[in-house]
Amino acid sequence: MSALEGTRPPRRAQAGIGDVAALAGVAQGTVSNVLNHPERVSAATRGKVERAMAMLGYVPNQIARSLAVGASSSVGLVLSDLSNSLFIDIARGAETAVAQTGAGLLLANTNSELEREQRYLQMFAQSRVAGMMITLNDASHYTAIAKVVPPTTPIVMLNYRADPGHFCSVSVDNEHGGYLAAQHLIDLGRRRLAFVGGPDELTPVHDRELGFRRAVEGVGVTSEVIRPRRVNRADGWQVGADLVDRTPADRPDAVFAASDLLAAGLLQALTSRGIRVPEDVAIVGYDNNQAAWDSPVPITTIAQPGEEMGRLGAEMVAEEVETDRGASAHSHRAKVLHPSLVVRESTVRTA
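Structure report, in brief. The structure presented is a predicted model; accordingly, all values stated were derived computationally and were not measured.

### So, the pairing of strand β4 (residues 155-158)
Now for step 1: Both faces of β4 are covered, namely the face carrying Ile155 and Met157 and the face carrying Val156 and Leu158.
Now for step 2: In terms of strand pairing, strand β3 (residues 132-135) meets β4 through four bridges, oriented parallel. Across the sheet, isoleucine 134 pairs through a bridge with methionine 157, a residue of β4.
Now for step 3: Looking at chain direction, β4 and strand β5 (residues 168-172) are connected through three bridges and run parallel. Paired with leucine 158 across the strands is valine 170, a residue of β5.

### Overview of the pattern of salt bridges
Now for step 1: Evaluation of the coordinates by the stated rule reveals 13 salt bridges.
Now for step 2: Of the charged contacts, one joins aspartate 245 and arginine 273 as a salt bridge, the two residues approaching to 3.8 Å between their closest N and O atoms. In this pair, aspartate 245 is assigned in the loop between α10 (233-244) and β8 (254-257) and arginine 273 in the loop between α11 (260-272) and β9 (282-284), connecting sequence segments 28 residues apart. Of the two residues, aspartate 245 and arginine 273, neither departs from the other in class, the shared state being exposed.
Now for step 3: Within this structure, Asp200, Glu209, Arg213 and Arg227 form a network of salt bridges that share partners.

### Points about the nonpolar core
Most often, soluble globular proteins have nonpolar side chains that are buried together.
Now for step 1: Within the largest apolar cluster, 66 residues are counted, with the highest numbers of intra-cluster contacts made by Met133, Leu158, Leu193, Phe256, Leu270 and Ile283.
Now for step 2: Among all residues touching phenylalanine 256, those that are not within four sequence positions of it are Gly178, Ala181, Leu185, Ala194, Phe195, Val196, Arg208, Phe212, Val284, Gly285 and Tyr286.
Now for step 3: Within the second largest apolar cluster, 17 residues are counted, among which are Leu121, Val148, Met157 and Tyr160.

### As for the packing of helix α1 (residues 17-24) against helix α3 (residues 43-56)
Now for step 1: Relative to each other, α1 and α3 sit at 120°, their axes nearing to 9 Å. The angle between the axes of α1 and α3 places the two elements in the oblique class. α1 and α3 meet at a crossing whose hand is right-handed. Of α3, the residues touching α1 (which contributes Asp19, Val20, Leu23 and Ala24) are Lys48, Val49, Ala52, Met53, Met55 and Leu56.
Now for step 2: Considering only residue class, the contact of α1 with α3 consists of eight nonpolar, no polar and two charged.

### Brief notes about the sheet that holds β3
Now for step 1: Taken together, the six strands give an open sheet; going across it, the order is β2-β1-β3-β4-β5-β11, and neighbouring strands pair in parallel fashion. A strand with exactly one partner marks an edge of an open sheet, and here the two such strands are β2 (104-109) and β11 (334-337). Along the sheet, successive strands turn relative to each other by an average axial angle of 15°, direction set aside.

### Focus on the packing of aromatic side chains
Now for step 1: Summed over the entire model, instances satisfying the criterion amount to three aromatic pairs.
Now for step 2: Ring centres of phenylalanine 256 and tyrosine 286 lie 6.2 Å apart, and the angle between their planes is 40°; on these two criteria the pair is classed as tilted. With phenylalanine 256 in strand β8 and tyrosine 286 in the loop between β9 and α12 (290-293), this residue pair connects regions lying 30 residues apart in the sequence. For the pair phenylalanine 256 and tyrosine 286, a shared accessibility class is recorded, and that class is buried.
Now for step 3: Through a chain of ring-to-ring contacts, three or more aromatic side chains come together here, namely Phe195, Phe212, Phe256 and Tyr286.
Now for step 4: Across from the ring centre of tyrosine 120, 5.8 Å away, lies the NZ or CZ of arginine 119, which sits over that ring.

### Some remarks on a nonpolar patch on the surface
Now for step 1: On the surface, a cluster of nonpolar side chains totalling about 270 Å² of accessible area is made up of Leu188, Leu341, Val343 and Val348.
Now for step 2: Relative to the assigned elements, leucine 341 resides in strand β12 (residues 340-342).
Now for step 3: When its relative accessible area of 33% is taken as the criterion, leucine 341 is described as partly exposed.

Calculation rules
- Once a new chain begins, its residue numbering starts again from 1 and follows that chain's sequence as written.
- Reporting in this predicted model follows two pLDDT cut-offs: at least 70 for local features of residues, and 80 or more for side-chain atom pairs to be given and counted; totals over whole chains, interfaces and linings ignore these cut-offs and use all residues.
- Side-chain descriptors were evaluated using all non-hydrogen atoms of the structure, hydrogens and water having been removed beforehand.
- Relative accessible area decides the class of each residue, using a 1.4 Å probe on protein chains only: under 20% of the type maximum gives buried, over 50% gives exposed, and in between gives partly exposed.
- Only DSSP runs of H or I covering at least 4 residues are called helices, and only runs of E covering at least 2 are called strands; the numbering of each starts at the N terminus.
- Strand pairing requires that DSSP identify at least two bridges connecting the strands.
- For this document, the term salt bridge refers to a Lys or Arg side-chain nitrogen within 4 Å of an Asp or Glu carboxyl oxygen.
- Nonpolar core, defined: a set of buried Ala, Val, Leu, Ile, Met, Phe, Trp, Tyr and Cys residues in which side-chain atoms within 4.5 Å join the residues together.
- Whether two residues are in contact is decided by their heavy atoms, any of which lying within 4.5 Å being enough.
- Here an axis means a line fitted to C-alpha atoms, over the contact stretch when the element is a helix, while the angle between two N-to-C directions is reported on a 0 to 180 degree scale.
- In what follows, roughly perpendicular refers to angles from 65 to 115 degrees, roughly parallel to angles under 35, roughly antiparallel to angles over 145, and oblique to any angle outside these ranges.
- Should the near helix be turned counterclockwise from the far one by less than a right angle, the crossing is left-handed, whereas a clockwise turn marks it as right-handed.
- In this classification, Asp, Glu, Lys and Arg are treated as charged, Ala, Val, Leu, Ile, Met, Phe, Trp, Tyr, Cys and Pro as nonpolar, and every other residue, Gly included, as polar.
- The aromatic pairing rule takes the rings of Phe, Tyr and Trp, using the six-membered ring of Trp, and pairs them if the centres are within 6.5 Å, calling planes under 30 degrees apart stacked, those over 60 edge-to-face and the rest tilted.
- We call a charge positioned over a ring when the NZ of a Lys or the CZ of an Arg lies within 6 Å of the ring centre and within 35 degrees of the ring normal.
- Exposure above 30% relative accessible area and the absence of a salt bridge qualify a residue for a patch, where like charges join within 9 Å and nonpolar side chains (Val, Leu, Ile, Met, Phe, Trp, Tyr) within 5 Å.
- To measure how exposed things are, a 1.4 Å probe is used in the Shrake-Rupley method; for residues, cover is taken only from the protein chains shown.

Written out as structure tokens, the structure reads:
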């Protein structure tokens, strides 16, 4: 008696091609042909495969089918903050790469709120998207994903270095970026440096601060850390207003802000009260987004390769889908990209 004629096996949350092939007693390639090229399979074999699918409750994964026949499919991209053009760059790179597989990209913006993030993840999971990319800032969000997304759904973390034992990821070396920013200010002769960024639970902010601390250690400069509530323009303005109230001797002569939005708000607050940038206070931001290049005083910043991050993330999703549905096993990997310093007039005044 074959497995198909026996008792019904326990049903998994999401059966795969391998499960169908094992129950039907055929090769995985035969199951793929039943799904994509049924004319190549005999009626008897096709019937065995179809009965196995029904017993397991198997639902074909659309991107796996798109790899075989070019059908349409969807990949979800959950972004932290669309007011930051870094995430727009990530979306642009991801969309280009996803489109090359014949798939479509679904976007969601969380405003860095855990509740909204979980809601969108649930929506994507219920829609049976082929895979997801998530721009993660807060380590606490990392543990919440497992509660929402089925373990069979490929997930790639963006802007966050994940444990390769759990997920693939594409991130930027934020610690090195923080070091580049502070070292640039030190090389310009600044001696009272401040790091502005928070909260510390945001992993990219935490890593940028580590780089700042490494640069200022033991080189004869004073340093301080200022923690706003978030990394947006309004928080930068408030930090700038607080610095204006200090005496010139107590005020830092250089600030590394953990985001360009923070740097832009800080610059506006200082210059509106007569403090010159960069003559009195030099400012470096982070991200190289529109807030930096459109500022009245263009802001020196640390550039992140956002489009490359999105492109690589989409390629990792497609790779994981293909290997999980095929014979080979998938190995998670972490790709770390390198930031670069972009010098503008907020630190070096041009003629």
